[in-house]
Amino acid sequence: GSGTAVLLRATVPRHPAEGILFARPDGKAMAVALAIARQPIVYLVAHLPHDDGARETFLRELATALSPALAAQTAKIDSAGTAIGTPWSHPIFIWGGDMNFTTQPNLDDEKTDHPSPSPGLVAALGELNALMGGALDAYRAIHPHGTATTHGTPEKGNRRRIDRHYVARALLTGEAGVVAA
């Protein structure tokens, strides 16, 4: 089996409202609320199934589960009744993991015989990205024609880019960006 994890250095100061927002019982996805340098972040990690129908269902289930989890995070109060979750009313959203599919086989597959994702899967991915602050594929945003891969070996000729991170465009460029293109 496999699962998901989020690890932080012990030196990162903890906010009282941080913690797990959502976790699938099978361990294949987890969303956490973090605060780094006082910036609220929602980070989702996922390991998607191996076929389009199951992936579509998985992504739709994530979107359905995350909406109330985000609302609950924003409404968190401490034992004294003080609101502590309000910083997460406008967090930075980051999500990613092992998608087990490529969105652009002509760029993301060494062998271009893999089919493009189904329209339903593309729609489900778009819905989750919309929920996650309009997230987009970080690598593809920086390298629109890049052909880097994350899976497979040159010897087998089966390299693919199936592992991705999605973030808001604002995180990728400019002074506030994590990455400058």
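Heads up: the structure comes first, above all this text.
The sections below set out a description of the structure shown in this document. Here the structure is a predicted model, which is why all the values come from computation and not from measurement.

## Focus: the overall build of the protein chain
Alright, step 1. Looking only at helices and strands, the protein chain has 4 helices and 6 strands in total.
Alright, step 2. What you see in the protein chain, going N to C, is helices and strands ordered as β-β-β-α-β-α-α-β-α-β.
Alright, step 3. By the compact-globule yardstick of 16 Å for 181 residues, the protein chain fits well, its C-alpha radius of gyration being 17 Å.
Alright, step 4. Projected onto its principal axes, the C-alpha positions of the protein chain cover 60 × 35 × 30 Å.
Alright, step 5. Sorting the 181 residues of the protein chain into buried and exposed places 39% on the buried side.
Alright, step 6. Considering only residue pairs separated by 6 or more positions, the protein chain has 65% of its internal contacts joining residues 24 or more positions apart.
Alright, step 7. Here the protein chain contributes 16 positively and 17 negatively charged side chains, and the mean placements of these two sets differ by 4 Å.

## Examining the environment of Ala-23
Alright, step 1. Topologically, Ala-23 is positioned in strand E1 (residues 19-23).
Alright, step 2. Owing to a relative accessible area of 42%, Ala-23 belongs among the partly exposed residues under this scheme.
Alright, step 3. Separated by 23 residues in sequence, Ala-23 and Ala-46 have C-alpha atoms that sit 9.8 Å apart.
Alright, step 4. Not counting chain neighbours up to four residues away, the residues in contact with Ala-23 comprise Ala-29 and Met-30.

## Quick notes on helix H1 (residues 52-74)
Alright, step 1. With 23 residues, H1 should reach 33 Å at 1.5 Å per residue; the first-to-last C-alpha distance of 33 Å fits that figure.
Alright, step 2. Approximately 25° is the largest bend angle found in H1, and it occurs at Leu-66, with the proline Pro-68 only one to four residues beyond.
Alright, step 3. Regarding H1, the residues found buried are Arg-55, Phe-58, Leu-59, Leu-62, Ala-63, Leu-66, Ala-69, Leu-70 and Gln-73.
Alright, step 4. Where H1 is buried, its residues meet E1, strand E2 (29-36), strand E3 (39-47), strand E4 (92-98) and helix H3 (119-131).
Alright, step 5. Between a side-chain oxygen at the N-terminus of H1 and the backbone nitrogen of Gly-53 the separation is 3.2 Å; the capping residue is Asp-51.

## Regarding the sheet that holds strand E6 (residues 163-167)
What links the strands of a sheet is backbone hydrogen bonding, and the strands pair in either a parallel or an antiparallel sense.
Alright, step 1. Read across the open sheet, the 6 strands follow the order E1-E2-E3-E4-E6-E5; overall the sheet is mixed. Looking along the sheet, the strands with just one partner apiece sit at the ends: E1 and strand E5 (136-137).
Alright, step 2. Bridge count for E1 against E2 is 4 bridges, and the pairing is antiparallel. Among the inter-strand pairings, Ala-23 is bridged to a residue of E2, identified as Met-30.
Alright, step 3. Packed on one face of the sheet, H1 meets E1, E2, E3 and E4 and runs near 145° to E1.
Alright, step 4. Of the strands in this sheet, E3, E4 and E6 are in contact with H3, which crosses E4 at around 145°.

## Digging into H3
Alright, step 1. Spanning 13 residues, H3 covers 18 Å between terminal C-alpha atoms, matching the ideal 18 Å at 1.5 Å per step.
Alright, step 2. Looking at H3, one finds that the buried residues are Gly-120, Leu-121, Ala-124, Leu-125, Leu-128 and Asn-129.
Alright, step 3. In this structure, the buried side of H3 is in contact with E3, H1, E4 and E6.
Alright, step 4. Looking one or two residues beyond H3, the residue adopting positive phi is Gly-133, at roughly 75°.

## A closer look at the nonpolar core
Alright, step 1. By size, the foremost hydrophobic cluster in this structure holds 31 residues, and its most contacted members are Leu-59, Leu-62, Trp-95, Leu-128 and Met-132.
Alright, step 2. Contributing elements (two or more residues each) for this core: E1, E2, E3, H1, E4 and H3.
Alright, step 3. A per-element tally of this core places H1 first, with 7 residues.
Alright, step 4. Residues contacting Trp-95, with those up to four places away along its chain left out, are Tyr-43, Leu-44, Leu-59, Leu-125, Leu-128, Asn-129, Met-132, Ala-135, Arg-164, His-165 and Tyr-166.

## Quick word on the pairing of E6
Alright, step 1. Two elements, E4 and E6, share 5 bridges in a ladder whose sense is antiparallel. Within E6, the position partnered with Trp-95 by the bridge is Tyr-166.

## Some remarks on the pattern of salt bridges
Alright, step 1. The final tally for this structure, using the stated rule, is 10 salt bridges.
Alright, step 2. Residues Asp-26 and Arg-24 are paired through a salt bridge, measuring 2.7 Å at the closest nitrogen-oxygen approach.
Alright, step 3. The salt bridge partner of Arg-55 is Asp-52, with a shortest N-O separation of 2.5 Å. You can see Arg-55 and its partner Asp-52 sitting in helix H1, 3 residues apart, about one turn around the helix.
Alright, step 4. Residues joined by salt bridges that share partners form a network here, namely Asp-108, Asp-137, Arg-140 and Arg-161.

Scoring rules and cut-offs
Residues numbered from 1 in each chain as written. Predicted model: local features only at pLDDT ≥ 70, side-chain atom pairs only at ≥ 80, totals over all residues. Heavy atoms only, no water. Helix = DSSP H or I, 4+ residues; strand = E, 2+ residues; numbered from the N terminus. Rg over C-alpha atoms; globule rule 2.2 N^0.38 Å. Buried < 20%, exposed > 50% of the residue type's maximum accessible area, 1.4 Å probe, protein only. Contact = heavy atoms within 4.5 Å. Lys, Arg positive; Asp, Glu negative; His and termini not counted. Charge placed at Lys NZ, Arg CZ, Asp CG, Glu CD. Expected span 1.5 Å × (residues − 1). Bend = angle between axes of the 7 residues up to and from the residue. Polar contact = N/O pair within 3.5 Å; in protein donor to acceptor, adjacent residues only side chain to side chain. Pairing = 2+ DSSP bridges. Axes fitted to C-alpha atoms, helices over the stretch in contact; angles between N-to-C directions. Core = buried A, V, L, I, M, F, W, Y, C linked by side-chain atoms within 4.5 Å. Salt bridge = Lys/Arg side-chain N within 4 Å of Asp/Glu carboxyl O.

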